[in-house]
Amino acid sequence: MNPTLTLFKRELSSYFATPVAYVFIVIFLLLSGSFTFYLGGFYERGQADLEPFFQYHPWLYLFLVPAVAMRLWADERKSGTIELLLTLPVTMWQTVVAKFLAAWSFVGLALLLTFPIWITVNYLGEPDNGVILTGYLGSLLMAGGFLAIGACLSATTRSQVIAFILSVVVCFLFLLAGFPLVLDVFRAVAPQSLVDAIAGLSFLSHFNAISQGVVDLRDLLYFLLVIGFWLYANAVVIDLKKAD
Amino acid sequence: MIETSALTKHYGRFTAVDNISFRVEPGEVLGFLGPNGAGKSTTMKMIAGFLAPSSGSVKVCGFDVESRPIEAKRALGYLPEGAPAYGEMTPRAFLGFVADVRGLSGEERTRRLDDVIGRLHLEGVLEQPIETLSKGFKRRVGLAQAILHDPPVLILDEPTDGLDPNQKHEVRTLINAMAKDKVIVISTHILEEVNAVCNRAIIIAGGKLLADAAPAELEARSRYHMAVSLTTTETEKAKEALGAIPDIESVEIDPLDERITAFPRKGKQILAAVSDALKAQGVAIRELQLETGRLDEVFRSITQPHTQEARA
């Protein structure tokens, strides 16, 4: 069997070895449902679409995805299994990618389990299912971006709590990169071109574009690049910090 | 075969391993000795390919650990310090995982798994999460993982640490049984272990290689080597008798148990002389023995000047 696949399977099944997986999925489903109906005004809007459902995903992911990612490497470091893992005949990349894909599949599964809302909206009206599909795609990609950040930061520490807090902060910055809250800080010290570049890094604007049914290759590429960059950083961090 | 040349590891300004070169051939069981923080674990981590050396190189079965890591790691079984394992997995799942990553499949996979499970007596705990197992079983799961693919090179970092005397004996028996055609490196600070399993010992302290010899040769460096010790009810009379033997350099009496030790002059054999002298004086001896040397004393005299409290 391909070693990446073996690592992937072990990682994914480790989520389900403890109640963590079930707790996460239940909370995700409860929160995404209640946000849609209470905050999003799903019924009151009188429109057959899932915008009230998707618009809260960034904020849900902000806290839930770092919770999924925090154990990826911090736990390996704390228990010492990182030494075991990295002395098996696999490359660093296989390990980093397998772990990320396992976490991503897990979040993907949670996302898949929101299907009743899709059935509901199709029962109530005639939504544009193409837009709903791109909404799911955007949501999954954004979760991947958050996860890659969380995986990298999880490798910097032995403590899952620190990994979680660091990830929430960095994810928050990426989420709001296009908003005054973040940009004003940079305006004070950085040239305008850099400020514009930072504004372009916002998860939220790229996600909104995709989830409204506009699949621009640049938005897809953006998330894939974010994932690639943070996974690369993940491998570098492990290499630098494995001696501690 | 393991070959290290000028292996060095710095942590910032601290030198954990300083220019260590050695070569281990199949059939050798090398004991890595040294005080805590001497650089034993760091050296083993570099051999296992976990840490990259700051300078110098390691070859495992001819493969450079840095430029051909996959081949080197395939040839290697490694038990990290503390025998880490995924606590939520059962030994069966964990060993199955390691077997899959190591590319074992089909009949060979089953055969190897059965073999290590039998050798380490894991049958009774196969379905229990590893985190619920006793220290001894955890260590055995770690060992099972290391020998699963029957590697030509084994690196075991403190394989018997925390085991009870029976378990220690079992692990040593296991190591001896595998020793014939493998390269085995074990680290320990239990000196009796060296005599029990190793046919070669390396002493390091402060990151430097200080001695590399067979355990018997190390013992011969002890001032107790070839000394004669005895216990008797008539301590004073015995001391007098020994004082008259010209080949004896000095006589010491242990204040605790009154054991008398006679140290010979360099290169002299004194056992017969001691025995004769005591018989002639009519001293009743309870027990008399020729000392081979004390490894702990040699260990202390070699490492003490270099010992510094440092990271392990």
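Predicted model, so just to flag it, every value in this text is computed and none were measured. (Residues numbered from 1 in each chain as written. Chains lettered and ligands numbered in written order. Predicted model: local features only at pLDDT ≥ 70, side-chain atom pairs only at ≥ 80, totals over all residues. Heavy atoms only, no water.)

1. Some words on the overall build of chain A
Right, so step 1: When you go through chain A residue by residue, the secondary structure sums to 14 helices and zero strands.
Right, so step 2: The C-alpha atoms of chain A give a radius of gyration of 19 Å, which matches the 18 Å a tight globule of 244 residues would have.
Right, so step 3: Excluding contacts between residues fewer than 6 apart, the proportion of contacts in chain A whose partners are at least 24 apart in sequence is 75%.
Right, so step 4: When the accessible surface of chain A is summed, it comes to about 11,000 Å², and 71% of that surface belongs to carbon and sulfur atoms.
Right, so step 5: Looking at charge distribution, chain A has the averaged site of its 12 positive side-chain charges lying 13 Å from that of its 15 negative ones. (Helix = DSSP H or I, 4+ residues; strand = E, 2+ residues; numbered from the N terminus. Rg over C-alpha atoms; globule rule 2.2 N^0.38 Å. Contact = heavy atoms within 4.5 Å. Areas by Shrake-Rupley, 256 points an atom, 1.4 Å probe, with all protein chains shown as cover. Lys, Arg positive; Asp, Glu negative; His and termini not counted. Charge placed at Lys NZ, Arg CZ, Asp CG, Glu CD.)

2. Description of the sheet that holds strand β5 (residues 63-64) of chain B
Residues and elements named next belong to chain B.
Right, so step 1: Across the sheet, four strands lie side by side as β2-β1-β4-β5; this open sheet has antiparallel pairing. Of all the strands in the sheet, the pair left with one neighbour each is β2 (14-24) and β5.
Right, so step 2: With seven bridges connecting them, strand β1 (residues 2-11) and β2 associate as antiparallel partners. Across the sheet, residue H10 finds its bridge partner in β2, namely T15.
Right, so step 3: Together, β1, β2 and β4 (55-60) form the strand contacts of helix α1 (residues 40-47), whose direction differs from that of β1 by roughly 120°. (Pairing = 2+ DSSP bridges. Axes fitted to C-alpha atoms, helices over the stretch in contact; angles between N-to-C directions.)

3. Focus on the sheet that holds strand β7 (residues 153-157) of chain B
In sheet architecture, strand pairing relies on hydrogen bonds along the backbone and comes in two forms, parallel and antiparallel.
All names here are of chain B.
Right, so step 1: Strands sit in the order β6-β7-β8-β3-β9-β10 across an open sheet of six strands; the sheet is mixed. Bordering the open sheet on either side are β6 (76-79) and β10 (208-213), each of which pairs with just one other strand. Recorded for the sheet is a direction-independent mean angle of 15° between the axes of neighbouring strands.
Right, so step 2: Pairing of strand β3 (residues 29-33) with strand β9 (residues 200-205), which is carried by four bridges, proceeds in the parallel orientation. What sits directly across from F32, in β9, is I202.
Right, so step 3: Sheet strands touched by helix α6 (residues 165-178): β3, β7 and β8 (183-188). Its angle to β8, the strand with the most contacts, is close to 155°.

4. Concerning the interface of chain B and chain A
Right, so step 1: Facing the 24 residues of chain B at the interface are 24 residues of chain A.
Right, so step 2: Here chain B meets chain A over a buried area of about 2,300 Å², counting both sides, of which 70% is carbon and sulfur.
Right, so step 3: Among the residues of chain B in contact with chain A, B:F50, B:Y86 and B:V101 are the three that bury the most area, contributing 31% of the side total.
Right, so step 4: Linking chain B with chain A are two salt bridges.
Right, so step 5: Across the pair A:R10 and B:E88 runs a salt bridge whose closest N-O atoms are separated by 3.3 Å. (Buried area = accessible area lost by both parts, 1.4 Å probe. Salt bridge = Lys/Arg side-chain N within 4 Å of Asp/Glu carboxyl O.)

5. Some remarks on the side chain of B:S222
Residues and elements named next belong to chain B.
Right, so step 1: Secondary-structure assignment places S222 in the loop between α8 (215-220) and β11 (228-232).
Right, so step 2: The exposure class of S222 is buried, given its relative accessible area of 6%.
Right, so step 3: A distance of 2.9 Å separates a polar atom in the side chain of S222 from the backbone nitrogen of Y224. (Buried < 20%, exposed > 50% of the residue type's maximum accessible area, 1.4 Å probe, protein only. Polar contact = N/O pair within 3.5 Å; in protein donor to acceptor, adjacent residues only side chain to side chain.)

6. Regarding a negative patch on the surface
All names here are of chain B.
Right, so step 1: Taken together, E236, E240, D254, D257 and E258 make up a surface patch of like negative charges.
Right, so step 2: Mapping E236 onto the fold places it in helix α9 (residues 235-243).
Right, so step 3: The class of E236 is exposed, set by a relative accessible area of 56%. (Patch = residues over 30% accessible without salt bridge, like charges linked within 9 Å, V, L, I, M, F, W, Y side chains within 5 Å.)

7. Remarks on the nonpolar core
Right, so step 1: In this structure, A:F203 and B:F94 are the most contacted members of the largest nonpolar core, which totals 156 residues.
Right, so step 2: Formed by 14 residues, the second largest nonpolar core is a distinct cluster that contains B:L230, B:L242, B:V274 and B:A277. (Core = buried A, V, L, I, M, F, W, Y, C linked by side-chain atoms within 4.5 Å.)

8. Considering helix α1 (residues 3-16) of chain A
Right, so step 1: For α1(A), with 14 residues, the first-to-last C-alpha span of 20 Å sits near the 20 Å given by 1.5 Å per residue.
Right, so step 2: Looking at α1(A), one finds that the buried residues are A:T4, A:T6, A:L7, A:F8, A:R10, A:E11, A:S14 and A:Y15.
Right, so step 3: For α1(A), the secondary structure elements touched by its buried residues are α2 (20-39), α4 (57-69), α5 (71-79), α6 (81-86) and α7 (92-112) of chain A together with α3 (91-101) of chain B.
Right, so step 4: For α1(A), the N-terminal cap is A:N2; the gap from its side-chain oxygen to the backbone nitrogen of A:T4 is 2.7 Å. (Expected span 1.5 Å × (residues − 1).)

9. Observations concerning the packing of helix α13 (residues 203-211) of chain A against helix α14 (residues 217-241) of chain A
Relative placement of two packed helices is described by the angle separating their axes and the distance separating the axes.
All names here are of chain A.
Right, so step 1: Packing of α13 against α14 brings their axes to within 9 Å, and their N-to-C directions diverge by 135°. One element, α13, and the other, α14, form an angle in the oblique class. Of the two elements, α13 crosses α14, and the hand of that crossing is left-handed. For the pair formed by α13 and α14, the contact residues are F203, H206, F207, A209 and I210 on the first element and D219, L220, Y222, F223 and V226 on the second. (Parallel < 35°, antiparallel > 145°, perpendicular 65-115°, else oblique. Left-handed = near helix turned anticlockwise from the far one by under 90°.)

10. Some remarks on the pairing of β3(B)
All names here are of chain B.
Right, so step 1: A large share of β3 lies buried, amounting to five of its five residues.
Right, so step 2: Side-chain alternation along β3 places V29, G31 and L33 on one buried face and L30 and F32 on a second face that is also buried.
Right, so step 3: Pairing of β3 with β8 involves five bridges; the strand directions are parallel. Within β8, the position partnered with L30 by the bridge is V185.

11. What about the confidence of the model for chain A?
Right, so step 1: When pLDDT is averaged across chain A, the result is 89; 100% of the residues are at 70 or more.
Right, so step 2: When mean pLDDT is compared element by element in chain A, α7(A) scores highest at 95, while helix α11 (residues 180-189) of chain A scores lowest at 80. (pLDDT = per-residue confidence, 0-100.)

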